[in-house]
Amino acid sequence: MNYKQEFANALEQILDGVLSLEEILSMIEKPKFNHMGDSAFPCFQLAKIYRQSPKTISEEITQKVNVPLFEKVEATGGYVNVFLNKKYVTKQTLELIFSEKERYGSFHVGCGKTITIDYSSPNIAKPFSMGHLRSTVIGNSLSLIAEKHGYHVIRINHLGDWGTQFGKLIVAYKKWGDEEKVKRSPIKELLALYVKFHEEAEKDPILNDLGREAFKLLENGDKEAMDLWEWFRDESLKEFMKIYDLLGITFDSYHGEAFYNDKMEQVVDLLTEKGLLVESDGANVVQLENFPPCLIKKRDGTTLYATRDLAAAIYRQDNYHFDKSIYVVGNEQTLHFKQLFAVLEKLGFSWQKGMTHVPFGMILRDGKKMSTRKGKVVLLENVIKEAIQLALANIEEKNPNLIDKEEIAKQVGVGAIIFHDLKNGRMNDIEFSLEDMLRFEGETGPYVQYTHARAAALLRKGNYVRETDYKIELHDEEAWQIIKELLSFPEAIERAMLGLDPSQIAKCLLDLSKAFNKYYASVKILEESHKQDRLSLVFAVKTVLKEGLRLLGIQAPEQM
RNA sequence: GUCCCAGUAGCUCAGCAGGAUAGAGCAACAGCCUUCUAAGCUGUGGGUCGGGAGUUCGAAUCUCUCCUGGGACGCCA
């Protein structure tokens with residue numbers, strides 16, 4: 001049921017070809033205020049064509065609109081305002097949700113198509129930072145949203161497990177490392193070594209050369225270097241898995257950069273074959289028209305990030321035959337991806353058109369980028385644990401008899417952190433604030449979860465039974481506002497996919513929650529006379545909240 | 001210096017293929033639990049939409065310019 005479409009159809013007939021259906025659809029808007037109706041058509045553009053005032057035109061159109069779906073049509077201030085037939089739309093919407101349930105808001109544009117999503121991708125031997133959290137939760141949500149659109153999704157954790165940094169780390173470990181200490185707390189100790197390396201390198205730049213040499217050994221398969229690398233990688237992965245478990249996130253592939261080590265020669269050969277590789281200051285680069293050249297090989301013959309990303313892109317196309325391939329990586333790497341796509345285009349791979357970089361703003365500390373090299377990072381694991389503790393304290397205070405407190409606390413604490421990251425447009429930089437992340441009131445994950453738990457409690461206490469024939473008599477204005485929010489859920493999902501922006505869904509859930517809590521406060525839902533009708537609405541709200549949270553990667557507890 | 005992103009209420013943000021009186025949340029203040037979980041609801045105050053020009057019947061939204069913050073710009077990733 002699409003009332004906007006019906007409105008547009010009616011307008012097209014009335015306007016008799018003056019505007020196309022598409023033009024009309026793009027002009028129809030949501031009135032600013034509820035008393036102005038549910039849908040509006042502005043007549044200002046028509047004023048020129050008809051040489052009449054918008055007011056006159058809107059009045060004339062209003063006379064002619066005759067759609068059973070609309071209970072009232074009104075001309076105000078140059079707009080044609082339309083009021084939906086509440087009873088009919090309410091019944092239709094609820095019935096649709098009852099029949100579709102969690103499939104409500106699904107699309108099939110992606111059916112039969114494959115999409116690879118590259119996200120999270122933390123760096124081995126470094127702590128899981130806040131920046132990686134963003135990539136992780138955005139990527140996870142986009143994966144779920146893509147599946148909701150019918151896509152076959154391949155989740156790829158492109159681990160940062162290769163590069164000069166490992167040369168540096170190997171040098172640092174051999175100089176100052178202590179096996180026992182690293183075994184006790186690997187990430188902490190490796191980070192300390194990494195930081196020390198950069199401190200010392202400031203004073204003695206020779207160290208940087210040693211680091212590059214060590215990486216060269218690694219790339220050539222030197223036994224000792226490989227053993228160390230493998231050890232660092234295993235320990236790091238163990239730590240990362242703890243975090244993924246807490247967040248409830250999985251991947252289809254953990255092929256990191258190192259995986260492409262033996263596939264890069266082919267890329268270099270291919271570039272050479274096509275005559276794209278040129279020498280410049282001893283290095284090998286691909287010259288690009290609109291961007292700075294893309295570095296493929298360093299003076300010492302070792303590879304770079306771009307080389308590995310090229311190999312990875314080709315590998316993914318060969319193995320997954322993706323239609324779309326998206327990279328959820330911070331906006332500071334925008335140029336890198338522009339170069340990457342440009343090189344692929346020069347290679348003649350038309351599939352590169354399906355590739356998109358999904359950038360996001362940085363987590364700042366005191367207005368500046370957090371620097372791993374200087375050890376200025378906030379450990380995600382600690383933040384998550386703190387959030388869970390706080391959620392537990394809240395449960396003890398508000399609902400001490402709750403069973404399975406630990407599990408619920410985990411769901412709520414993690415929900416708060418994920419929602420905090422997803423509720424705003426992804427391009428905004430975020431100033432790190434533990435206080436904001438651990439907020440459970442207002443526009444937060446726990447607020448939405450709480451609303452869901454409230455709905456669940458009502459259904460339990462009211463012994464809700466789904467009737468086969470829904471009369472559904474809901475006359476309250478508050479109920480109508482809920483219906484409108486339910487109606488906008490599929491639109492939000494579509495916008496989220498189009499803009500690769502999960503915040504669209506988060507915002508929709510907040511609006512729905514607000515509308516429902518308003519209803520809850522003003523209407524006695526379990527009042528016997530209207531109980532089943534009202535619970536039908538509650539059931540629909542609960543279904544949509546749960547599904548919406550799921551699409552964000554957040555659990556929806558039945559009680560909290 | 002060049003390019004990218006951002007600038008809206010005290011704070012965090014929404015609104016941006018132009019449209020009606022610029023909206024939330026937080027913080028502040030004032031109310032609402034003998035009745036469905038108060039992680040909630042209601043109300044009050046709070047704004048030259050960074051500045052300036054332009055396009056338009058109409059600009060927070062589009063164009064130009066300037067200012068501010070952040071980031072990227074060849075051997076890191």
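Worth saying up front: this structure is predicted, and the values here are computed from it rather than measured.

Calculation rules
- The residue numbering used here restarts from 1 in each chain and proceeds along that chain's sequence as written.
- Whichever chain is written first becomes A and whichever ligand is written first becomes 1, with later ones labelled in order.
- Local features in a predicted model are, by the rule used here, given only for residues with pLDDT of at least 70; side-chain atom pairs are given and counted only at 80 or more, and totals for whole chains, interfaces and linings are based on all residues.
- Water and hydrogen atoms play no part in the side-chain values, which are based on all heavy atoms of the structure.
- Consider each residue's heavy atoms; a residue with any of them within 4 Å of a molecule or strand counts as near.
- Pairs of N or O atoms are called polar contacts if they sit within 3.5 Å, as long as, within protein, a hydrogen donor faces a hydrogen acceptor (for residues adjacent in sequence, only side-chain-to-side-chain pairs).
- Put simply, DSSP marks the helices as runs of H or I at least four residues long and the strands as runs of E at least two long, and each gets a number from the N terminus on.
- UniProt positions are given in the numbering used here, feature names are shortened, and annotations may be inferred rather than shown by experiment.
- We call two residues contacting when some pair of their heavy atoms lies within 4.5 Å.
- As a rule, the C-alpha atoms of each element are fitted with a line to give its axis, helices using only the stretch in contact, and angles between N-to-C directions run from 0 to 180 degrees.
- A crossing counts as left-handed when the near helix is turned anticlockwise from the far one by less than a right angle, and as right-handed when that turn is clockwise.
- Note: two strands are recorded as paired if DSSP finds a minimum of 2 bridges between them.

Visitor: Could you give an account of the protein's contact with RNA strand B, with specific residues and numbers?
Guide: Of all residues adjacent to RNA strand B, which total 71 residues, the nearest are Y79, K298, Y450, K514 and Y520. Of all atoms in RNA strand B that approach within 4 Å of the protein, 62% are sugar or phosphate atoms. In the environment of RNA strand B, a phosphate oxygen lies 3.1 Å from a nitrogen or oxygen atom belonging to the side chain of T164. Between RNA strand B and D281 there is a distance of 2.5 Å, counted from a base nitrogen to a backbone nitrogen or oxygen. Among the elements that make up the surface near RNA strand B, the one with the highest residue count is helix α18 (residues 445-461) (eight residues).

Visitor: With reference to specific residues and values, describe the UniProt feature "short sequence motif: 'HIGH' region" (unreviewed entry) in chain A.
Guide: Here, the residues flagged by UniProt with the feature "short sequence motif: 'HIGH' region" (unreviewed entry) are residues 122-132. The distance from the first to the last C-alpha atom of residues 122-132 is 6 Å, and the span holds 27% helix and 0% strand.

Visitor: Give a description of the environment of I395 that names residues and reports values.
Guide: Relative to the assigned elements, I395 resides in helix α15 (residues 380-398). Along the chain, I395 and L271 lie 124 residues apart, while their C-alpha atoms are 60 Å from each other. If we skip the residues at most four places from it in the chain, I395 touches P400, L402, K405, I408 and A409.

Visitor: Please provide a residue-by-residue account of the packing of α18 against helix α21 (residues 531-552), values included.
Guide: For the pair α18 and α21, interaxial distance at closest approach is 9 Å and the crossing angle is 145 degrees. The two elements α18 and α21 cross, and the hand of that crossing is left-handed. Across the interface between the two elements, V448, Q449, T451, H452, A455, A456, L458 and L459 of α18 pack against L535, V538, F539, K542, L545, K546 and L549 of α21.

Visitor: Any chance you could break down the sheet that holds strand β7 (residues 283-286) for me, citing the residues and the numbers?
Guide: In spatial order, the strands read β6-β7-β8; together these three strands make up an open sheet with antiparallel pairing. Of all strands in the sheet, those bounded by a partner on one side alone are β6 (277-280) and β8 (294-297). Here the strands of the sheet are splayed against their neighbours by 45 degrees on average, with no regard to which way each runs. Across three bridges, the pairing between β7 and β8 is antiparallel. Of the residues in β8, the one forming a bridge with N284 is K297. Those strands touched by helix α12 (residues 264-273) are β6, β7 and β8, and its axis lies near 120 degrees from that of β8.

Visitor: Lay out unusual backbone geometry in plain terms, naming residues and giving numbers.
Guide: Positive phi outside glycine occurs at D281, with the angle close to 55 degrees. By the element assignment, D281 lies in the loop between β6 and β7. At N463, a residue that is not glycine, the phi angle is positive and equals roughly 45 degrees. Topologically, N463 is positioned in the loop between α18 and α19 (477-498).

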